[in-house]
Amino acid sequence: MGSLARYVGVRLLLVVPMVLILLSVVFLLMRVAPGDPVSSALGGRLSAEELAERRAAAGFDVPVWRQYVDYLGQVVQLDFGRTITDNRAVSEIVVDNGGATLTLTVAAVIVAFLVGLPLGLWSGRRRDRLDDVGIRLFGIVTFAAPVFFVGLLFQLFFGKSLGWFPTSGQASPRIQASIPEKTHILLVDALLAGDMTAFRDALHHLVLPAVTLGLLVVGVLIRLVRVNIIQTLQSDYVEAARARGIAEGRVVRKHALRNALVPVITVMGLQVAALLGGAVLTEQTFNWPGIGNELVGYLNDRDYTAVQGIITMFALIVVGVSLLIDIVNALVDPRIRY
């Protein structure tokens, strides 16, 4: 077996304990909440007999260890349970609202790379100069500013004062109602329907939420690219390229940038968890109909079964992206092997 295949095999095996630990933490956190989930969600609206029936149907009348085993078994079958308040399958929520969250997250990653990569590269090449200081301050501010606060400022300035962008929703209500749902991703559905007006409207609504969420990781990206560019530009092979008379721009593009991006890929994979967390606040701020918005609604209703299912799904996504990033890193950098 080659070293790359062995590395991928070991990483796949390590996924099992990682997922088990994550699922255990999610299960325990949901059980730490006082009272049982059914009474918390429906107490006062149903009789004691009906509550007992609901508790039995949801499996909360058996010992905790049995609930844990049942929970793991359901996750293995990709069954994330049913909500208590409106009796929806969590997988149905993921399908219906996942497209909006996926659209927002992908757009935020694109914004982060479009803004963070060139600024980090420029900052690294202009070390300790005035523009470098300004870019570093910008990175610190974007990293430290709460995402909901940035969203509110954007709504007030670009939405209310300038009137450039919509401040709420995924598209205009009339246009959204006219697009048939096929993939649950509005931009894709608009393209499939051949409706460019709806596509432009959805893109217009996406700008402010995507920039708000993207700025969350721009600061991290600027700092990472800057530090790695500075270190790479001091490497022997870069000096050798300069000594051969290669233009500085070509040295940076062909020799320094590629090596500087290897650790960036790793850290950006870890930022997926931050993006998902930020998506919850961004969706709430912009009334974006994603999974995060649903999660906040179920939290307010104290529907712990729904919350457990959605957080479990988030945890599995983070593990999957982490595994994917590790494999991409191993493909890019031959030094990463067991």
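Structure shown above.
Residues numbered from 1 in each chain as written. Predicted model: local features only at pLDDT ≥ 70, side-chain atom pairs only at ≥ 80, totals over all residues. Heavy atoms only, no water.

Visitor: How would you summarise the overall build of the protein if you had to cite specific residues and measurements?
Guide: For the protein, the count of helices and strands is 14 helices and 0 strands. Each helix and strand of the protein, ordered N terminal to C terminal, gives the series α-α-α-α-α-α-α-α-α-α-α-α-α-α. On the principal axes, the C-alpha backbone points of the protein span a range of 85 × 55 × 40 Å. Counting all 338 residues of the protein, 43% fall into the buried class. (Helix = DSSP H or I, 4+ residues; strand = E, 2+ residues; numbered from the N terminus. Buried < 20%, exposed > 50% of the residue type's maximum accessible area, 1.4 Å probe, protein only.)

Visitor: I'd like to hear about the environment of V264, residue by residue, with values.
Guide: Summarising the element assignment, V264 is placed in helix α12 (residues 248–285). Residues V264 and R223 lie 41 residues apart in sequence; the distance between their C-alpha atoms is 9.8 Å. Excluding residues that lie within four positions of it along the chain, V264 makes contacts with L221, L224, V225 and N228. (Contact = heavy atoms within 4.5 Å.)

Visitor: Describe unusual backbone geometry, listing the residues and the values that go with them.
Guide: Not every positive phi belongs to a glycine, and N87 is a case in point at roughly 55°. As for its placement among the helices and strands, N87 is situated in the loop between α4 (64–76) and α5 (90–125).

Visitor: Before we move on, can you summarise a positive patch on the surface with the specific residues and values?
Guide: Together, R125, R250, R253 and K254 give the surface a local cluster of positive charge. Here the element with the most residues in the positive patch is α12; it accounts for 3 residues. As for its placement among the helices and strands, R125 is situated in helix α5. (Patch = residues over 30% accessible without salt bridge, like charges linked within 9 Å, V, L, I, M, F, W, Y side chains within 5 Å. Areas by Shrake-Rupley, 256 points an atom, 1.4 Å probe, with all protein chains shown as cover. Salt bridge = Lys/Arg side-chain N within 4 Å of Asp/Glu carboxyl O. Lys, Arg positive; Asp, Glu negative; His and termini not counted. Charge placed at Lys NZ, Arg CZ, Asp CG, Glu CD.)

Visitor: Could you give an account of the pattern of salt bridges, with specific residues and numbers?
Guide: Following the criterion strictly, the structure yields 10 salt bridges and no others. Between E294 and R88 there is a salt bridge, with the nearest N and O atoms lying 3.6 Å from each other. Separated by 206 residues along the polypeptide, E294 in helix α13 (residues 291–300) and R88 in the loop between α4 and α5 bring together distant segments of the chain. With a closest N to O distance of 2.9 Å, D132 and R226 form a salt bridge. Here D132 is found in helix α6 (residues 130–144), whereas its partner R226 is found in helix α10 (residues 196–233), with 94 residues between them in sequence. For D132, a relative accessible area of 0% gives the class buried.

Visitor: So what about the packing of aromatic side chains? Which residues, and what values?
Guide: Applying the stated criterion across every chain yields a total of 5 aromatic pairs. Between F158 and W164, the aromatic rings sit 6.0 Å apart at their centres with planes inclined by 35°, giving tilted as the arrangement. The exposure class assigned to F158 is partly exposed, which follows from its relative accessible area of 21%. An aromatic cluster of three or more residues is present, and its members are F154, F157, F158 and W164. (Phe/Tyr/Trp six-rings, centres within 6.5 Å; stacked < 30°, edge-to-face > 60°.)

Visitor: So what's going on with the packing of α12 against α13? Residues and values would help.
Guide: Between α12 and α13, the shortest axis-to-axis distance is 7 Å and the interhelical angle comes to 85°. Considering their axes alone, α12 and α13 lie roughly perpendicular with respect to each other. On α13, the residues that touch V280, E283 and Q284 of α12 are I291, G292, N293, L295 and V296. Taken together, the residues that form the contact of α12 with α13 break down as 4 nonpolar, 3 polar and 1 charged. (Axes fitted to C-alpha atoms, helices over the stretch in contact; angles between N-to-C directions. Parallel < 35°, antiparallel > 145°, perpendicular 65-115°, else oblique. Nonpolar A, V, L, I, M, F, W, Y, C, P; charged D, E, K, R; others polar.)

Visitor: Describe the environment of W164, with residues and values.
Guide: For W164, the position within the fold is in the loop between α7 (147–161) and α8 (173–178). Note: C-alpha distance between W164 and L208 (44 residues apart in sequence) is 9.9 Å. W164 has contacts with F158, G159 and H204, leaving out every residue within four places of it along the chain.

Everything listed is a geometric property; what it means functionally is a separate question.
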